[in-house]
Amino acid sequence: MAPALRSIDDVGTIACVGAGTIGGGWAAYFLARGHRVKVWDPAPDAEERLGRLIRAAWPALEQLDMLDGADRHAWSVHTDLAEAVDGVGFVQESAPEDLALKRRLLADLDAVTAPDVVIGSSTSGFGMTDMAAEVVRPERFVVGHPFNPPYLIPLVEVVGGEGTASEVVDWAAEFYTASGKSVIRMDREVPGFIANRLQEALWREALHMVDNGEATVEQIDRSIKDGPGLRWPMHGPMLTFHLAGGEGGMAHMLDHFGPSLKSPWTRLEAPELTEELRAGVVAGCDEASAGRSVAELVAERDAGIIAIRRLLGGAQPLGDARSPGDAGQGAS
């Protein structure tokens, strides 16, 4: 049975449950979209970490997705879950990928969050059916899977579980879209969703190549960055191969190169993560970083994403910030 849902226009304050890289990135993004944000995180340094993340993300948000009047200081951190969700219009959960932890946390959120509030999860692999096993009202729980950094990457994959009301999936898809995201409304639960499945395949192949001494970290990254990665912002992997078929398109591509699909190139099974492989990958990343700190690499990445999104027309003009339609806490 579908729950009574509040209007998307009435969502002024949002709760971000978890203040790690993803949860903090969501918090920064929602702030830039004119919302007040209440963050729950029990870690003693959560407020300090979140402040650093928001300060680092804000210059990038100012260039792309920020609404006029957005307030960088309109956030607060709470250690009491009920206090964090009091008066909010939407909840974005971004706790660590631990199924038992997710189940407990979602059950706790179900108990303390107003019944007309949708609760979205940033999980990168678990299905909502599994995560909502202990909640009383599973109909209002939905996956809203972002990509790192969520304050810059527009994609969100939205899918419900077996107990999720279809109206809630529709609401969540509309909410994320209204928030400036590019939404894929999935038809059914798929382990790992869509984009993670694709990037995991590439990641596994890369690890195998390092493990077998076939390529270095720098060579692997450059092979994508200066190769197919340049085409993917315009066309994804399917249309890229469609164009590779020339005037015959994908039909010619499959007919001509189809037999090579059975060639023993791929090693899709994940390699054993030995100490030697771990050390090699870590050392390769250190070498590829060329002395640049993580903060410097983040700034470099963000600048590149901004430039690509502007080139593709993905930047949104400044507009009027959303008027808060529900209660919120003071900024910190």
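Fair warning: this is a prediction, and the values are worked out from it, not measured in the lab.

Draft legend 1. Main features of the sheet that holds strand β6 (residues 141–145). One open sheet holds the 8 strands; their spatial order is β3-β2-β1-β4-β5-β6-β7-β8, and the pairing between them is mixed. Here the strands that pair on one side only, and so sit at the sheet edges, are β3 (75–78) and β8 (182–185). Neighbour to neighbour, the strand axes of the sheet diverge by 25° on average, direction disregarded. As judged from the 3 bridges shared by strand β5 (residues 118–121) and β6, these two strands associate in the parallel manner. Of the residues in β6, the one forming a bridge with serine 121 is valine 143. Across the sheet, helix α1 (residues 21–32) is in contact with β1 (13–17), β2 (36–40), β3, β4 (90–93), β6 and β7 (155–160); its angle to β1 comes to roughly 170°. The sheet strands contacting helix α6 (residues 166–178) are β1, β4, β5, β6, β7 and β8, and the helix crosses β8 at an angle near 165°.

Draft legend 2. Structural detail: the confidence of the model for the protein chain. Per-residue confidence for the protein chain averages 88 on the pLDDT scale, and 92% of its residues sit at or above 70. When the criterion is pLDDT under 50, residues 316–332 qualifies, and its contacts beyond four places in sequence or with other chains add up to 55 contacts.

Draft legend 3. Unusual backbone geometry, seen in detail. In the segment running from asparagine 148 into proline 149, the intervening peptide bond is cis, with an omega of 0°. Tracing the sequence through the fold places proline 149 in the loop between β6 and β7. One non-glycine residue with positive phi stands out, namely alanine 290, at about 50°. Among the secondary structure elements, alanine 290 is positioned in the loop between α11 (275–289) and α12 (294–311).

Draft legend 4. The arrangement of the pairing of β5 in detail. On β5, burial covers both faces: Val118 and Gly120 on one face and Ile119 and Ser121 on the other are all buried. Relative to β5, β4 runs parallel, the two being bridged by 4 bridges. Its bridge partner being in β5, valine 91 is matched across the sheet by isoleucine 119. Viewed along the sheet, the connection from β4 through helix α4 (residues 99–112) into β5 turns out right-handed.

Draft legend 5. The nonpolar core, seen in detail. Counting residues in each nonpolar core, the largest one holds 42 residues, and the members touching the most others are Phe30, Leu61, Phe90 and Phe175. Discounting residues that sit within four places of it in the chain, phenylalanine 175 has contacts with Ile8, Val11, Ile14, Phe30 and Phe90. Of all hydrophobic cores here, the second largest spans 23 residues; its members include Val85, Val91, Ala95 and Val143.

Rules used throughout
Residues numbered from 1 in each chain as written. Predicted model: local features only at pLDDT ≥ 70, side-chain atom pairs only at ≥ 80, totals over all residues. Heavy atoms only, no water. Pairing = 2+ DSSP bridges. Helix = DSSP H or I, 4+ residues; strand = E, 2+ residues; numbered from the N terminus. Axes fitted to C-alpha atoms, helices over the stretch in contact; angles between N-to-C directions. Contact = heavy atoms within 4.5 Å. pLDDT = per-residue confidence, 0-100. Buried < 20%, exposed > 50% of the residue type's maximum accessible area, 1.4 Å probe, protein only. Right-handed = clockwise from strand over helix to strand, strands pointing away. Core = buried A, V, L, I, M, F, W, Y, C linked by side-chain atoms within 4.5 Å.

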